[in-house]
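Each chain is listed here by its residues.
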Amino acid sequence: MTDTSGLRVPTFSLPELKKGEGKEEFRAWVTKAGFFYLTDCGVREQDHRLATDTAMEFFAQGTPEEKQAMRAKNPTMRRGFSALEAESTAQVTKTGTYTDYSMSFSMGIDDNLFPSDRFEKVWTDYFTGLHTAALDAARIVMEAAGTYDGPGEGTGEGPGDGHGGGTHGGAGHRDSDVLLDTAPVLRLRYFPEVPEHRVAEHEPRRMAPHYDLSLVTLIHQTPCANGFVSLQAEMDGRMVDLPHVPDAVVVLCGAVAPLVTRGAVPAPRHHVRSPESGLREGSARTSSVFFLRPSTEFGFSVPKAREYGLEVDTLDGETATFGDWIGTNYVTMHATPAS
């Protein structure tokens, strides 16, 4: 294990963690912070670059008609193209009405939209590699927590029943595999240089503070040319820089992690900062984000979610499904901000 840039955010090797090396260090860190860097996860820098370049080419050269054709008809699904400032995380988190200063392209397991056969091939291969890495990362996180409390295979029991039994092999490992029968989403976000009215002096963030609705999220970044660090995550009440680290992805534990580990693993809030006016030039960046999400039928206890500090105000009743939770967020995110 090594520290990155002196920020106390550790980097772990996936093969070493799978062999049990550094297990206690990893458990102590992930149950405290809920985020870390991961190397040797099977997706190469050239794979990231190819997928990123393919999307960036579409952003730059796609016609208005082609981009319109790539916009999802279903507002509860993340698929295809989303234009600059078309979304607002601040609206979802009720922290403002400012937009996300980014554009994106998204895909999932099915119902995808692709502008070309080449795009589909490049992105499908990339998606498959990230999916495998995310599954491995999720299993390691749940094993480290030692408190798995998710759906049980063949038992009919849902989360919160207290019979998960851990994930250190045997039935517990099979139980976690039920949870990991997932509905993942891959998004490539492009954050252009912000205009003057979106510099930090006027609007501190390109994207509002939030936690992800996922089990784990993998992020591969390209750095800002001027060295500015946009991505930060909260730890011990302060925001910590998460700069680009060569040959590594950032792993953020999402809101499903505390639900299935009895609160042992936190879901850290994170945001994307705006540069100050003096750093506006050279502040463009990309972020390839893979959300490992449970299926929409995944059920959880709403009171437990509140106990773990999760925001579930839009959900009624004692239990809800992941589909209930994430669907309302997507619709709100695409709503037109109030003037």
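Remember, it's a predicted structure, so these values are computed and weren't measured experimentally.

> I keep staring at the overall build of the protein chain and nothing clicks. Help me out?
A tally of regular secondary structure across the protein chain gives 10 helices and 15 strands. Put simply, the protein chain has 339 residues, and 53% of those count as buried. Pairs at least 24 residues apart make up 75% of the contacts formed inside the protein chain by residues separated by at least 6 positions. For the protein chain, the exposed surface amounts to about 14,400 Å²; the carbon and sulfur share of it is 50%.

> What exactly am I supposed to notice about the packing of helix α2 (residues 23–30) against helix α6 (residues 117–145) here?
Geometrically, a packed helix pair is captured by the angle between its two axes and the distance between the axes. Here α2 crosses α6 at 90°, and the two axes come no closer than 9 Å. Compared by their axis directions, α2 and α6 come out roughly perpendicular. Mapping the contact onto sequence places Phe26, Arg27 and Val30 in α2 and Ile140, Val141, Glu143 and Ala144 in α6. Residue composition of the contact of α2 with α6, by class: five nonpolar, no polar and two charged.

> Teacher, can you tell me more about α6 here?
Helical geometry: 3.6 residues make up each α-helical turn, so side chains three or four residues apart lie on a common side. The end-to-end C-alpha separation of α6 is 42 Å, in line with the 42 Å expected for 29 residues at 1.5 Å each. One or two residues past the end of α6 sits glycine 146, with phi positive at roughly 70°.

> I'm lost on the side chain of serine 13 in this one. Help?
Along the chain, serine 13 falls in strand β2 (residues 10–13). Judged by relative accessible area, which is 10%, serine 13 ranks as buried. In terms of polar contacts, serine 13 uses its side chain to reach the side chain of aspartate 40, at 3.0 Å.

> Sorry if this is basic, but what is going on with unusual backbone geometry here?
Leave glycine aside and you will find that most residues have negative phi; peptide bonds, for their part, are mostly trans. Of note in this structure, aspartate 40 is not a glycine but carries a positive phi near 55°. Inspection of the secondary structure puts aspartate 40 in the loop between β3 (35–39) and α3 (45–61). Residue class for aspartate 40 comes out partly exposed when judged on its relative accessible area of 49%.

> Whenever I open this one, the pattern of salt bridges confuses me. Can you help?
Where charged atoms from two side chains of opposite charge come close, those side chains can pair. Overall, the coordinates contain 16 salt bridges when judged by the stated rule. Linking aspartate 47 and arginine 44 is a salt bridge whose minimum nitrogen-to-oxygen distance equals 2.9 Å. With relative accessibility at 47%, the residue arginine 44 sits in the partly exposed group. Between arginine 139 and aspartate 136 there is a salt bridge, with its nearest N and O atoms 3.9 Å apart. Residue arginine 139 and its partner aspartate 136 are located together in helix α6, separated by three residues, close to a single helical turn. One network of salt bridges, with partners in common, ties together Glu87, Asp100, Arg187 and Arg189.

> I keep staring at the side chain of serine 230 and nothing clicks. Help me out?
Tracing the chain through its elements places serine 230 in the loop between β8 (216–221) and β9 (231–235). Note on serine 230: relative accessible area 2%, which makes it buried. Side-chain polar atoms of serine 230 contact the backbone oxygen of arginine 273, separated by 2.8 Å. Excluding residues that lie within four positions of it along the chain, serine 230 makes contacts with Arg206, His271, Val272, Arg273 and Arg285.

> Looking at this structure, how should I read the nonpolar core?
Among soluble globular proteins, nonpolar side chains are generally buried collectively. Formed by 90 residues in total, the largest nonpolar core has its most connected members in Trp123, Leu215, Phe300 and Trp325. At 16 residues, α6 tops the list of elements feeding residues into this core. Those residues in contact with tryptophan 123 that lie beyond four places of it in its chain are Ala51, Thr54, Ala55, Phe105, Ser106, Met107, Phe114, Leu186 and Leu188.

> Any chance you could explain α2 here in plain terms?
Along α2, the residues that are buried comprise Phe26, Trp29 and Val30. The buried residues of α2 all sit within an arc of 85° when viewed along its axis, so they share a single face. The elements touched by buried residues of α2 are β2, α1 (14–18), β3, α6, β9 and β11 (248–253).

The rules we used
- Residues numbered from 1 in each chain as written.
- Predicted model: local features only at pLDDT ≥ 70, side-chain atom pairs only at ≥ 80, totals over all residues.
- Heavy atoms only, no water.
- Helix = DSSP H or I, 4+ residues; strand = E, 2+ residues; numbered from the N terminus.
- Buried < 20%, exposed > 50% of the residue type's maximum accessible area, 1.4 Å probe, protein only.
- Contact = heavy atoms within 4.5 Å.
- Areas by Shrake-Rupley, 256 points an atom, 1.4 Å probe, with all protein chains shown as cover.
- Axes fitted to C-alpha atoms, helices over the stretch in contact; angles between N-to-C directions.
- Parallel < 35°, antiparallel > 145°, perpendicular 65-115°, else oblique.
- Nonpolar A, V, L, I, M, F, W, Y, C, P; charged D, E, K, R; others polar.
- Expected span 1.5 Å × (residues − 1).
- Polar contact = N/O pair within 3.5 Å; in protein donor to acceptor, adjacent residues only side chain to side chain.
- Salt bridge = Lys/Arg side-chain N within 4 Å of Asp/Glu carboxyl O.
- Core = buried A, V, L, I, M, F, W, Y, C linked by side-chain atoms within 4.5 Å.
- Arc of directions from axis to C-beta.

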